[in-house]
Amino acid sequence: MTLTAPVTPPKPVPASRRGSSVRRTWQKASPYAYIAPFFTLFAAFGVFPLLYTAYVSLYRVELQTPGDMEWRGLGNYAALLEDEFFWISLRNTFTIGVLSTVPQLVMALGLAHLLNYRMRGRTFLRTAVLLPYATSVAAATLVFAQLFGRDFGLINYLLGTVGIEPVDWQTGTVASQIAVSAVVVWRWTGYNALIYLAGMQSIPDELYEAAAMDGASRWRQFFHVTLPGLRPTIVFTVIVSTIGATQLFGEPLLLEGKISGGISHQYQTLGLYMYEQGWGFFHLGRAAAIAWVMFLLIVVLVGVNALIAHRRSRKEAGR
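Residues numbered from 1 in each chain as written. Predicted model: local features only at pLDDT ≥ 70, side-chain atom pairs only at ≥ 80, totals over all residues. Heavy atoms only, no water.

**Q** Which residues make up the pattern of salt bridges, and what values go with them?
**A** In the structure shown here, the tally under the stated rule is five salt bridges. Between Asp-151 and Arg-150 there is a salt bridge, with the nearest N and O atoms lying 3.4 Å from each other. The salt bridge partner of Lys-258 is Glu-256, with a shortest N-O separation of 3.9 Å. Taking the relative accessible area as the measure of exposure, Lys-258 reaches 39% and is therefore partly exposed. Accessibility expressed as a relative area gives 24% for Glu-256, which makes it partly exposed. When salt bridges that share partners are traced, they join Arg-150, Asp-151 and Asp-168 into one network. (Salt bridge = Lys/Arg side-chain N within 4 Å of Asp/Glu carboxyl O. Buried < 20%, exposed > 50% of the residue type's maximum accessible area, 1.4 Å probe, protein only.)

See below:
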């Protein structure tokens, strides 16, 4: 006869303890649940298209037959280096970027400096400078195309009043790039001015008061107090403007309505060149290669800007 010990049933877990365990698990997982929608959308519409574009750039793909893919390796990139129109569009992207970015940021800085002072209608003026940014790029470019018309444009009319011959703004290389840059400057100056204004208002008033007590004029206060305090903001606007200039597409497309960027490609940017190769000539593989060249160019330019800003900050910290 064998004796077996009675089996003791497990003690039930109190409901309060179960609730606290679930609550702790949710507290640990909730931050990831809150940011999961952003990363899901970013992976679907950011990372995946980027990686798939890199994959397509290694193949010969035509728009009419996207399913027929022929391996080319780096052949699409090699073809770009041998295409003179690629180098023309790269040069145009750089020159238009300089012509639009430098005046834009200088004017935005001066405008923000004026709006930072107490004046009548300051709120209205701050709102008004943002109106060009809210305007459709198509509407703005079409208006500027009329202003820069050769025969009946307002700009040539004003030049004629001072004895200057009419300028062909859509055929000349420099003239057409100035016309495209004028649209960009008009649209983005107010936007950058408000960013600079926000940066100026974060500078402590005590610095201006101390500079005034030392006898510094407003001009000296601007150079020795405002500009050093705005350095991170200026770096940010330079980087954003550089990215925007590299991706410039709408303004040069709508100025004359041609993807070639003028008769002699005189203002065709990399964005227009990519569109022409992909949807004009149906070479999707080459268009994908151009997209990756633009991406790498942006990475290099942003890295150079960040390196210059870092070296300047280290040099000033060591003084």
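From this point on, the discussion continues.
**Q** Tell me about the nonpolar core, and name the residues and values.
**A** Ile-96, Phe-148, Val-180, Leu-248, Leu-255 and Tyr-267 are the most contacted members of the largest nonpolar core, which has 13 residues in total. Going through the elements one at a time, helix H6 (137-147) and helix H8 (173-201) are the ones with two or more residues in this core. Core analysis: the next-biggest nonpolar cluster, separate from the first, contains 12 residues, Leu-105, Ala-112, Leu-115 and Ala-193 among them. (Core = buried A, V, L, I, M, F, W, Y, C linked by side-chain atoms within 4.5 Å. Helix = DSSP H or I, 4+ residues; strand = E, 2+ residues; numbered from the N terminus.)

**Q** Just give me the short version of the packing of aromatic side chains, but keep the residues and values in it.
**A** Across all of its chains, the model carries 20 aromatic pairs by this definition. Relative to Tyr-55, the ring of Tyr-52 has its centre 5.9 Å away and its plane inclined at 35 degrees; by these criteria the two rings are tilted. Here Tyr-52 and its partner Tyr-55 are both found in helix H1 (residues 15-56), three residues apart, which amounts to about one turn of the helix. Judged by its relative accessible area of 42%, Tyr-52 is partly exposed. Judged by relative accessible area, Tyr-55 falls into the partly exposed class, the value being 38%. Between Phe-86 and Trp-87, the ring centres sit 5.2 Å apart and the planes meet at 70 degrees, which makes this aromatic pair edge-to-face. (Phe/Tyr/Trp six-rings, centres within 6.5 Å; stacked < 30°, edge-to-face > 60°.)

**Q** Lay out the packing of helix H3 (residues 84-115) against helix H11 (residues 231-246) with the relevant residues and their values.
**A** Relative to each other, H3 and H11 sit at 145 degrees, their axes nearing to 9 Å. The handedness of the crossing between H3 and H11 is right-handed. Residues Thr-93, Gly-97, Thr-101, Gln-104 and Leu-105 of H3 lie in contact with H11, whose contacting residues are Thr-237, Val-238, Ser-241, Ala-245 and Thr-246. Among the residues forming the contact of H3 with H11, the class breakdown is three nonpolar, seven polar and no charged. (Axes fitted to C-alpha atoms, helices over the stretch in contact; angles between N-to-C directions. Left-handed = near helix turned anticlockwise from the far one by under 90°. Contact = heavy atoms within 4.5 Å. Nonpolar A, V, L, I, M, F, W, Y, C, P; charged D, E, K, R; others polar.)

**Q** Requested: an account of a nonpolar patch on the surface, with residues and values cited.
**A** A contiguous nonpolar surface patch, about 1,000 Å² in accessible area, is contributed by Trp-26, Tyr-32, Tyr-34, Ile-35, Phe-38, Phe-39, Phe-42, Val-47 and Leu-51. Mapped onto the elements of the fold, Val-47 is located in helix H1. Judged by its relative accessible area of 33%, Val-47 falls in the partly exposed class. (Patch = residues over 30% accessible without salt bridge, like charges linked within 9 Å, V, L, I, M, F, W, Y side chains within 5 Å. Areas by Shrake-Rupley, 256 points an atom, 1.4 Å probe, with all protein chains shown as cover.)

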